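These are the residues of each chain, in order.
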Amino acid sequence: AQSVTQLGSHVSVSEGALVLLRCNYSSSVPPYLFWYVQYPNQGLQLLLKYTSAATLVKGINGFEAEFKKSETSFHLTKPSAHMSDAAEYFCAVRPAGNKLTFGGGTRVLVKP
Amino acid sequence: GAGVSQSPRYKVAKRGQDVALRCDPISGHVSLFWYQQALGQGPEFLTYFQNEAQLDKSGLPSDRFFAERPEGSVSTLKIQRTQQEDSAVYLCASSLAVHRVYNSPLHFGNGTRLTVT
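Residues numbered from 1 in each chain as written. Chains lettered and ligands numbered in written order. Predicted model: local features only at pLDDT ≥ 70, side-chain atom pairs only at ≥ 80, totals over all residues. Heavy atoms only, no water.

What about the layout of surface pockets?
Taken as a whole, the largest pocket spans an internal volume of roughly 500 Å³. Along the walls of the largest pocket sit 28 residues, with Q38(A), R107(A), L39(B), V89(B) and R113(B) positioned nearest its centre. Secondary-structure elements contributing two or more residues to the lining of the largest pocket are strand 9 (87-94) and strand 11 (106-111) of chain A together with strand 9 (88-95) and strand 11 (112-116) of chain B. Considering every element that reaches the lining of the largest pocket, the biggest residue donor is strand 11 of chain B, with four residues. Here the lining of the largest pocket is built from residues that sort into 13 nonpolar, 11 polar and four charged. (1 Å grid on protein atoms, 1.4 Å probe; cavity = no way out; pocket = protein on both sides within 12 Å on 5 of 7 lines; lining within 4 Å. Points joined across faces, edges and corners; volume = space filled by probe spheres on them. Helix = DSSP H or I, 4+ residues; strand = E, 2+ residues; numbered from the N terminus. Nonpolar A, V, L, I, M, F, W, Y, C, P; charged D, E, K, R; others polar.)

This is the structure we're talking about:
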């Protein structure tokens with residue numbers, strides 16, 4: 001079965017510092033991978049997706065993620081954190097069968 | 001608006017009551033999903049519709065959970081004889097793509113927060 005693991009349930013960064021959120025997937029075939037963001041009391045919003053066209057994927061709000069097959073990873077980064085980036089972030093994989101499977105999430109706290 | 005709409009936003013039910021949660025997907029979206037998100041967890045898949053057909057209900061936790069989408073648009077998730085462990089946020093998502101277009105993103109509603117007392 002396909003799954004994703006997000007390392008670290010909470011991440012605290014200073015405003016202006018690098019944001020790095022880790023995601024590893026288990027898959028026997030190259031999957032489709034996604035990052036979603038969830039603000040308090042809201043649904044999930046798509047940040048970016050990997051669909052095998054390019055290993056470095058750029059998303060909204062200055063986020064990007066790099067697919068590394070050898071490491072089965074899809075880590076999310078942003079060079080400079082902003083206060084508005086405080087939210088929960090979910091990595092997800094969508095293999096055959098149409099079922100989007102989420103990781104446990106990483107909550108980001110941005111310190112001024 | 002043009003997004004996925006869910007109602008009610010909040011629902012408090014006494015243990016044993018039945019509840020019905022509604023989802024209005026984006027117009028024209030073929031695929032519709034229901035997810036359950038417990039506090040502090042990632043969303044867990046419940047069920048999937050392609051138009052009016054329920055193609056996957058493997059995530060429904062018990063036979064107290066029932067979902068329908070009779071005309072291929074609005075969907076209702078019904079929970080009978082609610083239990084405290086049913087307390088969670090129930091998220092609905094829709095996608096334009098038909099089955100097997102795996103890279104098509106899901107558009108999520110804001111969810112219904114169900115609290116069972």
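Thoughts on the sheet that holds strand 1 (residues 5-7) of chain B
Residues and elements named next belong to chain B. Pairing is antiparallel across the open sheet formed by four strands, whose spatial order is 1-3-8-7. Looking at strand neighbours, the two that pair on one side only are strand 1 and strand 7 (65-68), the edges of this open sheet. Within this sheet the neighbouring strands show an average axis-to-axis angle of 15 degrees, counted without direction. The pairing of strand 1 with strand 3 (residues 19-24) spans three bridges and is antiparallel. Bridge pairing in strand 3 links Q6 to C23. (Pairing = 2+ DSSP bridges. Axes fitted to C-alpha atoms, helices over the stretch in contact; angles between N-to-C directions.)

A look at the interface of chain B and chain A
Counting residues at the interface gives 27 residues for chain B, matched by 22 residues for chain A. Summed over both partners, the interface of chain B with chain A buries about 1,900 Å², with 52% contributed by carbon and sulfur atoms. Our count for the contact surface shared by chain B and chain A stands at zero salt bridges. The tally of links between chain B and chain A comes to five residue pairs in polar contact (both at pLDDT 80 or more). For the side of chain B that touches chain A, a count of residues per class yields 12 nonpolar, 11 polar and four charged. (Contact = heavy atoms within 4.5 Å. Buried area = accessible area lost by both parts, 1.4 Å probe. Salt bridge = Lys/Arg side-chain N within 4 Å of Asp/Glu carboxyl O. Polar contact = N/O pair within 3.5 Å; in protein donor to acceptor, adjacent residues only side chain to side chain.)

Concerning the sheet that holds strand 6 (residues 56-58) of chain A
Residue and element names in this part refer to chain A. Across the sheet, five strands lie side by side as 1-3-8-7-6; this open sheet has antiparallel pairing. In this open sheet, the two strands that pair with only one neighbour each are strand 1 (3-7) and strand 6. Sheet twist, expressed as the mean angle between neighbouring strand axes with direction ignored, is 20 degrees. For strand 7 (residues 64-68) and strand 8 (residues 73-78), the ladder comprises five bridges, and the chain directions are antiparallel. In the sheet register, A65 faces strand 8, and the bridge partner there is L76.

A word on the packing of aromatic side chains
Residue and element names in this part refer to chain A. If you walk through the whole model with that rule in mind, you get 15 aromatic pairs over all chains. Taking the centre distance of 6.3 Å and the plane angle of 35 degrees together, the rings of F34 and Y36 count as tilted. When sorted by exposure, F34 lands in the same class as Y36, which is buried. On the basis of an interplanar angle of 55 degrees and a centroid distance of 6.1 Å, the ring pair of Y50 and F74 is categorised as tilted. Of this pair, Y50 sits in strand 5 (residues 44-50) while F74 sits in strand 8, placing them 24 residues apart in sequence. Both residues of the pair, Y50 and F74, count as buried. (Phe/Tyr/Trp six-rings, centres within 6.5 Å; stacked < 30°, edge-to-face > 60°. Buried < 20%, exposed > 50% of the residue type's maximum accessible area, 1.4 Å probe, protein only.)

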